[in-house]
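Structure assessment
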Amino acid sequence: MTASGATIEGEGRLQRGLGRAGEATTLLLRYGMIVVLVVMVIVTIALDSSFLDGSNLLNLLLQWAPVGLMAIGMTYVIIAGGFDLSVGGIYAGAAVLYAGMVENVGIPVWASVILVLLCGIGAGAVNGTIITQLRVNTFVATLGMGFIYRGLALVLTAAAPIIVADQGFQAIGAGKWGSMPIPGVALICALLLFGFILARTVYGRSIYAIGGGEEAARLSGMRTLSLRASTFMLSGFMAALAGIIIAARLGSGQADIGANVELDVITVVVVGGTALTGGEGAMWRTAVGIGILAVLGNA
């Protein structure tokens, strides 16, 4: 073999080596948080094997269901390039509304659930309108509206919890489907459903496009304002659902629940690997983020 041939072959090997190294780095960056979660689980099991007890795992699922549900809506908002700090206020407001409708007004449980979810969508629509139509910064708008929603909850309850006597009130939060707690079932189903919508539908791909470049998405014919507003409506819906679940678990509606819960929600999404700059993320990443914080807290 000539010297030039040996040089070319050496360069080829080097390029292939660099290519494999680049692929390994890409895989590590993409799936690194899964590795972190697996390592955390292994360490936790080494410290205490009871971590794998079915009762402990089901308890974790029950505890983190409200935060996980809100993180689903937050994932959409952040991928679209937004931010929602009002989820804590909607969460508390929904808990108070649900308890008040059942205990004070006498509305049936099923009707109260529907009405509270509609109120959550409405609160999200207000956020979306302020941000898209009035062009208020998402951080400022949602932070302010979060204070307003929680303030309304405090006014409605006079800062006192609403204790509910109706046994059916607690079914959503304390009931079980087989051996699984209903909140855990709701979280798993929501992760699968909204993960599919985000990854496999035109709507989901549009959310990514807006987060990657809103102006480019608008010029391509997308209704960017409506799409961005819809993510806040989804976030409001999920926060209301979480509020219903926590009120049902506690058997009461309290305006002071979930103080700073929005920070936990954002932490779950970011730890999972969704970029705060928008345009990048996935629902499975949010699921991993829930797992990491749940294992960390349990450990």
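Our structure is the block above this text.
Quantities reported herein were computed from a predicted structural model and do not represent experimental measurements. (Residues numbered from 1 in each chain as written. Predicted model: local features only at pLDDT ≥ 70, side-chain atom pairs only at ≥ 80, totals over all residues. Heavy atoms only, no water.)

With that settled, consider the overall build of the chain. On a plain count of helices and strands, the chain comes out with 12 helices and four strands. Expressed along its principal axes, the backbone C-alpha trace of the chain runs to roughly 90 × 55 × 30 Å. Counting only residues that meet the buried cut, the chain has 47% of its 299 residues in that class. A sequence separation of at least 24 residues applies to 78% of the contacts in the chain between residues at least 6 apart. Accessible surface for the chain amounts to roughly 14,400 Å². Of this, 67% is attributable to carbon and sulfur atoms. Counting 14 positive and 14 negative side-chain charges, the chain places the centres of these two groups 10 Å from one another. (Helix = DSSP H or I, 4+ residues; strand = E, 2+ residues; numbered from the N terminus. Buried < 20%, exposed > 50% of the residue type's maximum accessible area, 1.4 Å probe, protein only. Contact = heavy atoms within 4.5 Å. Areas by Shrake-Rupley, 256 points an atom, 1.4 Å probe, with all protein chains shown as cover. Lys, Arg positive; Asp, Glu negative; His and termini not counted. Charge placed at Lys NZ, Arg CZ, Asp CG, Glu CD.)

Our focus in this paragraph is unusual backbone geometry. Not every positive phi belongs to a glycine, and Arg-135 is a case in point at roughly 60°. Along the chain, Arg-135 turns up in the loop between α4 (109-132) and α5 (138-157). Of note, Ala-159 is a non-glycine position whose phi angle comes to about 65°, a positive value. Ala-159 sits in the exposed class, given a relative accessible area of 59%.

Right, let's talk about the pattern of salt bridges for a bit. With the rule as written, the count across this model stands at two salt bridges. Between Arg-228 and Glu-214 there is a salt bridge, and its shortest N-O distance comes to 3.6 Å. Of this pair, Arg-228 sits in helix α10 (residues 224-250) while Glu-214 is found in helix α9 (residues 214-219), placing the two residues 14 residues apart along the sequence. In this structure Glu-214 comes out as partly exposed when scored by relative accessible area, which is 26%. Of the charged contacts, one joins Glu-215 and Arg-218 as a salt bridge, the two residues approaching to 2.5 Å between their closest N and O atoms. Pair noted here: Glu-215 and Arg-218 are both in helix α9, with a separation of three residues, about one helical turn. (Salt bridge = Lys/Arg side-chain N within 4 Å of Asp/Glu carboxyl O.)

Quick look at the nonpolar core now. Core analysis: the largest hydrophobic core is formed by 79 residues, its most contacted members being Ile-72 and Tyr-98. The greatest single-element share of this core, amounting to 14 residues, is contributed by helix α2 (residues 54-79). Excluding residues within four positions of it along the chain, Tyr-98 makes contact with Val-109, Ser-112, Val-113, Val-116, Phe-169, Ile-172, Ile-244, Ala-247 and Ala-248. (Core = buried A, V, L, I, M, F, W, Y, C linked by side-chain atoms within 4.5 Å.)

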